2 protein chains.
Amino acid sequence: MARKLDHLIDTLQQAETLEALQARIIALRDFFEVEHLVYHSVNAAGGQYAALTYSDDWVQRYIHSNYDRIDPVVQGAYSRFGFVDWKTLDWTSKSVRAFREESAAAGVATQGLTLPMRGPTGQFAIFTVNTCTSDAEWSRFADRSKQDILLVASLVNEKALELEGAIEAAPMQSLSPREKDSLTMLALGLNRSASAEKLGISEHTLRVYIESARFKLAANNTTHAVARAVALGLILI
Amino acid sequence: MARKLDHLIDTLQQAETLEALQARIIALRDFFEVEHLVYHSVNAAGGQYAALTYSDDWVQRYIHSNYDRIDPVVQGAYSRFGFVDWKTLDWTSKSVRAFREESAAAGVATQGLTLPMRGPTGQFAIFTVNTCTSDAEWSRFADRSKQDILLVASLVNEKALELEGAIEAAPMQSLSPREKDSLTMLALGLNRSASAEKLGISEHTLRVYIESARFKLAANNTTHAVARAVALGLILI
DNA sequence: GGCACCCTCCCCATTTTTGGGGAGGGTGTT
DNA sequence: AACACCCTCCCCAAAAATGGGGAGGGTGCC
């Protein structure tokens, strides 16, 4: 068993194309003996990549209908640390129930475990294991497999980012300390005069920082700049 | 060997206090047979927690001098995916060389492997293994131990966040769809009139959404509301 | 020593945002 | 059916942000 996984990991690390990665995902699904395996990554620029075993039809409908906006798995994984068991998510609202029914009809099973992963500049990915066993069996499976899933998910993420060239492409517009300070004050809800006072500089000076930060972040206005800085993890609030 | 690690992981998961976590870090350092092990976490509120084996003196000096601003390990880990070998970092600049000399004097070894980990709302943590072996030996160690380090780092991070209460602290106000839409448009850099046009509603109506979102988020102004919504993961940009 | 980048300060007119009010119809839950 | 919440529209005056300009001193890197 452990041998088999090691071998799969080896072949995973040797993948040279995104297509090959897709094939590895299928092999891994078979190894874990589950219904579906999903890797889905969104980078800072909004580009997406997925390697998964759902039907093409469902994927198309999902994208087309912007289901990521209501999918509790995505919402939950996005706002949590570590593994998310689908059981712990809120499936009660009407639109979510409709979504779940539609996904079930498309072959998505009921038991799921999703691991969120994050990179610099807002890169975000999830790795999901999906199956249809009983609660008791699922619980045993989850306990037993979390370590393996963590390992596999990390390797898939690393490989996908490598193949996407995302690792090299980390120019990371860096803001100067004062620019960060200024955006942070604004992000905390202070207006310009209060921010300037708190930083001990004139409001005019503050504006220079905001302007240069706005320029670096290619933002249209202050709110845009703050939103980007927060999303990119450049400032913490 | 594997047995020993499993046992350490068990005791790690049973830790009930941050002090106990510190003790586990020391035990793990001994297990890995390295000089130092460092876990350092910064949460969204700017609060910090560390469990590490560096000398108190060095930690104090590090904090007091804001060395995180020049430490290439922190900077490198912050802007990369996955493991960072200290060899691959840039140690050439003047201030960095001075920093490295000072750290070496404080007992920090030369070989290092650092794993960045990220959570929602900008939470960021690093887990570092530090030792002083030869390049060849270090390379073997790194290859052999990466999987274990990944596992341990994830568990330490999870435990630290649990003990800090960061996981519970997800009160997560819910915004109505239109409120989210409105904030999203603003976060994307559109002004009110453009946002309203894009959403197909009047600017007045848009304002109502922004106001109610602002109220729900306890935000002082629009920028604050957008920053909070992004940081809380309520809107994706 | 020169270059790049950061920090700090200032002005003006125009555009945008904000605060706080009111009002009607729709939908989902209990 | 009642209640809560959501969606939509509108007015006005005051406050804040924006666009784009210029200028000097400091620090670190090649």
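Nothing here was measured: the structure is a model prediction, and the numbers come from that model.

**Student:** Sorry if this is basic, but what is going on with the interface of chain A and chain B here?
**Tutor:** Interface size is often expressed as the accessible area that is lost when the parts come together. With 39 residues of chain A in contact, the opposing surface of chain B contributes 43 residues. The tally of links from chain A across to chain B stands at zero salt bridges. Summed over the shared surface of chain A and chain B, the number is seven residue pairs in polar contact (both at pLDDT 80 or more). Elements that contribute at least two residues to the side of chain A that touches chain B include exactly helix 4 (72-78), helix 6 (135-164), helix 7 (177-187) and helix 10 (222-231) of chain A. Among the elements that take part in the side of chain A that touches chain B, helix 10 of chain A stands out by supplying seven residues, more than any other. Among the residues making up the side of chain A that touches chain B, the classes are represented as 23 nonpolar, 12 polar and four charged.

**Student:** How should I be thinking about helix 10 (residues 222-231) of chain B in this particular structure?
**Tutor:** Since the α-helix turns once every 3.6 residues, residues separated by three or four places project in the same direction. Within helix 10 of chain B, eight of the 10 residues are buried, which leaves the element mostly enclosed by the surrounding structure. Turning to helix 10 of chain B, its buried residues number three or more, namely B:Thr223, B:His224, B:Ala225, B:Val226, B:Ala227, B:Ala229, B:Val230 and B:Ala231. Looking at the buried positions of helix 10 of chain B, the neighbouring elements they touch are helix 7 and helix 10 of chain A together with helix 7 (177-187) and helix 9 (203-216) of chain B. Here helix 10 of chain B starts with a cap whose side-chain oxygen sits 3.3 Å from the backbone nitrogen of B:Thr223, and that cap is B:Asn221. Among the residues trailing helix 10 of chain B, B:Gly233 stands out with phi positive, at a value near 75 degrees.

**Student:** Looking at this structure, how should I read the relation of the copies chain A and chain B?
**Tutor:** Each of the two chain copies goes to the other by way of a rotation about an axis and a shift along it. Between chain A and chain B, which share one sequence, the superposing operator has a rotation angle of 176 degrees and an axial displacement of 0.7 Å; the RMSD is 2.2 Å. Considering both components of the superposition, the chain copies are consistent with a two-fold axis. Taken as a fraction of all interface residues of chain A, those also at the interface in chain B reach 90%, which identifies the copy contact as same-surface.

**Student:** Would you mind showing me how to read the protein's contact with DNA strand D here?
**Tutor:** Inspection of the region around DNA strand D gives 20 residues, with A:Arg192, A:Arg207, A:Thr222, B:Ser202 and B:Tyr209 positioned closest. Near-protein atoms of DNA strand D (within 4 Å) split between backbone and bases, with sugar and phosphate holding 61%. Within the contact set of DNA strand D, a phosphate oxygen lies 2.6 Å away from a side-chain nitrogen or oxygen of A:Thr222. Going through the elements one at a time, helix 9 (203-216) of chain A together with helix 7 and helix 9 of chain B are the ones with two or more residues in the surface near DNA strand D. Here the surface near DNA strand D is built from residues that sort into four nonpolar, eight polar and eight charged.

**Student:** Help me understand the sheet that holds strand 2 (residues 48-52) of chain B, please; the structure alone is not making it clear to me.
**Tutor:** Strands belonging to one sheet form pairs held by backbone hydrogen bonds; the direction of such a pair is parallel or antiparallel. Residue and element names in this part refer to chain B. With antiparallel pairing, five strands are arranged side by side in an open sheet as 2-1-5-4-3. The open sheet has two edge strands with one neighbour each: strand 2 and strand 3 (84-85). Judged from the seven bridges that link them, strand 1 (residues 36-42) and strand 5 (residues 124-131) form a sheet pairing that is antiparallel. Note that in strand 5 the partner of serine 41 across the bridge is alanine 125. Against the sheet, helix 2 (residues 18-32) touches strand 1, strand 2 and strand 5, its axis set at about 40 degrees to strand 2. Packing against the sheet, helix 6 (residues 135-164) makes contact with strand 1, strand 2, strand 3, strand 4 (111-118) and strand 5, and its axis sits at approximately 35 degrees to strand 4.

**Student:** Sorry, what's going on with the pairing of strand 1 (residues 36-42) of chain A here?
**Tutor:** Side-chain direction in a regular strand flips from residue to residue, so the side chains alternate between the two faces of the sheet. All names here are of chain A. Burial runs high along strand 1: five of the seven residues are buried. Both strand 1 and strand 2 (residues 48-52) contribute to a ladder of five bridges, which runs antiparallel. Opposite tyrosine 39, over in strand 2, you have alanine 51 as the bridge partner.

**Student:** Quick question: what am I supposed to make of the protein's contact with DNA strand C here?
**Tutor:** Around DNA strand C, 19 residues are found, and the nearest of them are A:Tyr209, B:Arg192, B:Arg207, B:Arg214 and B:Thr222. The sugar and phosphate moieties of DNA strand C supply 61% of its atoms located within 4 Å of the protein. Within the contact set of DNA strand C, a base nitrogen lies 2.6 Å away from a side-chain nitrogen or oxygen of B:Arg207. Among the secondary structure elements, those contributing two or more residues to the surface near DNA strand C are helix 7 and helix 9 of chain A together with helix 9 of chain B. By residue number, the principal contributor to the surface near DNA strand C is helix 9 of chain A, which donates six residues. By residue class, the composition of the surface near DNA strand C is four nonpolar, seven polar and eight charged.

Criteria and cut-off values
- The residue numbering used here restarts from 1 in each chain and proceeds along that chain's sequence as written.
- Lettering of chains starts at A and numbering of ligands starts at 1, both following the order in which they are written.
- Given that this is a predicted model, residues contribute local features only at a pLDDT of at least 70 and side-chain atom pairs are listed and counted only at 80 or more, while totals for whole chains, interfaces and linings are drawn from all residues.
- By convention in this description, side-chain values take in all heavy atoms of the structure and omit both hydrogens and water.
- Working rule for contacts: check all heavy atoms of both residues, and any pair within 4.5 Å makes them a contact.
- Each salt bridge in this description consists of a side-chain nitrogen of Lys or Arg and a carboxyl oxygen of Asp or Glu lying within 4 Å of one another.
- Pairs of N or O atoms within 3.5 Å make up the polar contacts considered here, provided that, within protein, one atom can donate a hydrogen while the other can accept it, and that residues adjacent in sequence are counted only when both atoms are side-chain atoms.
- The numbering of helices and of strands both runs from the N terminus, where a helix is a DSSP run of H or I of at least 4 residues and a strand a run of E of at least 2.
- Three classes are used: nonpolar for Ala, Val, Leu, Ile, Met, Phe, Trp, Tyr, Cys and Pro, charged for Asp, Glu, Lys and Arg, and polar for all others, with Gly counted as polar.
- Burial status follows relative accessibility: with a 1.4 Å probe on protein chains alone, a residue under 20% of its type maximum counts as buried, one over 50% as exposed, and anything between as partly exposed.
- Least-squares superposition aligns the copies on the C-alpha atoms of those residues with pLDDT at or above 70 in both.
- A molecule or strand has a residue near it when one of that residue's heavy atoms lies within 4 Å.
- Only strands that DSSP links by at least two bridges are regarded as paired with each other.
- Axis definition: a line fit to C-alpha positions, over the contact stretch in the case of helices; interaxial angles, taken between N-to-C directions, run 0 to 180 degrees.

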